[in-house]
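Inside the fold
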Amino acid sequence: FDHIERGNVKLGGIKVLVLDEADRMLDMGFIDGVRKIVKHCPKERQTLLFSATLAPDIKRLCKQYMKDPVTVTGSSQVDPAKLKQIYYDVRDYDKLKLLINLLKADHTGLVIVFANTRRGVDLVTTNLKANGLKAMAIHGGFTQNKRQKALDIFQAEKVEVLVCTDVAARGLDIQGVSH
């Protein structure tokens, strides 16, 4: 939107508008900015909206910006009966220690660990490495090339643990992840 206001970009020739991660845009409060940008696009265009969920706000977006929308859903590839969830009630300062102990005790496959922030990702990765675990970080502060290299290394099983923000991990499909 900043580029539109400065006159650096004109959207009059847009034929396809892609709104990716629409649910996250709503969660993060970016919807007003999206609306402003859409107003600068031609009314006659194809609009593609991608979202992990179809909450009522997402459905309203579809009605507002799309003609005759078609919903396409992906089927789950994980049998919920095979999932096991365990909850540990620990103090904040014990979380990292617990994670290290769990990772050292169970080496059954590739592991993805989520942290809330880039700084958290870096902190967890550094501590896992310092405790003898093969870990790599991935977050939005990395270039696309660096993120792809980290994913390639992880998929090749050269590291056991990928530590990332939830945003960086969205859309990843990695075989062999056990935890």
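A short tour of the structure in this document, coming up.

Further remarks concern the pairing of strand β4 (residues 135-138). As paired elements, β4 and strand β5 (residues 161-164) share 4 bridges and run parallel to each other. Considered in β5, the bridge of Met-136 is made with Leu-162. Handedness of the crossover joining β4 and β5 through helix α7 (residues 144-155) is recorded here as right-handed.

With that settled, consider the environment of Gly-132. In this fold, Gly-132 is placed in the loop between α6 (118-130) and β4. Between the C-alpha atoms of Gly-132 and Lys-104, which are 28 residues apart in sequence, the distance is 8.9 Å.

Another aspect to go through is helix α5 (residues 95-105). Within the span of α5, buried status applies to Leu-99, Ile-100 and Leu-103. Along the axis of α5, the buried residues cluster in a sector spanning 95 degrees; they form a single face. Opposite the buried face of α5, by more than 90 degrees, sit the exposed residues Lys-97 and Ala-105. At its buried positions, α5 is contacted by β3 (111-114), α6 and β5.

What follows covers unusual backbone geometry. The phi dihedral of Asp-68 falls on the positive side, at around 45 degrees, and the residue is not glycine. Along the polypeptide, Asp-68 turns up in the loop between α4 (56-65) and α5.

Under the counting rule described, the total for this entry stands at 5 salt bridges. When the shortest N-O distance is used, the salt bridge between Lys-67 and Glu-44 registers 2.8 Å. Of this pair, Lys-67 sits in the loop between α4 and α5 while Glu-44 sits in the loop between α3 (31-39) and β2 (46-49), placing them 23 residues apart in sequence. Take Lys-67 and Glu-44: they sit in the same class, and that class is exposed. A salt bridge links Asp-94 to Lys-97; the shortest N-O distance between them is 3.7 Å. A relative accessible area of 52% places Lys-97 in the exposed class. Salt bridges sharing partners connect three or more residues here, namely Arg-91, Asp-94 and Lys-97.

Calculation rules
- Residues numbered from 1 in each chain as written.
- Predicted model: local features only at pLDDT ≥ 70, side-chain atom pairs only at ≥ 80, totals over all residues.
- Heavy atoms only, no water.
- Pairing = 2+ DSSP bridges.
- Helix = DSSP H or I, 4+ residues; strand = E, 2+ residues; numbered from the N terminus.
- Right-handed = clockwise from strand over helix to strand, strands pointing away.
- Buried < 20%, exposed > 50% of the residue type's maximum accessible area, 1.4 Å probe, protein only.
- Arc of directions from axis to C-beta.
- Contact = heavy atoms within 4.5 Å.
- Salt bridge = Lys/Arg side-chain N within 4 Å of Asp/Glu carboxyl O.

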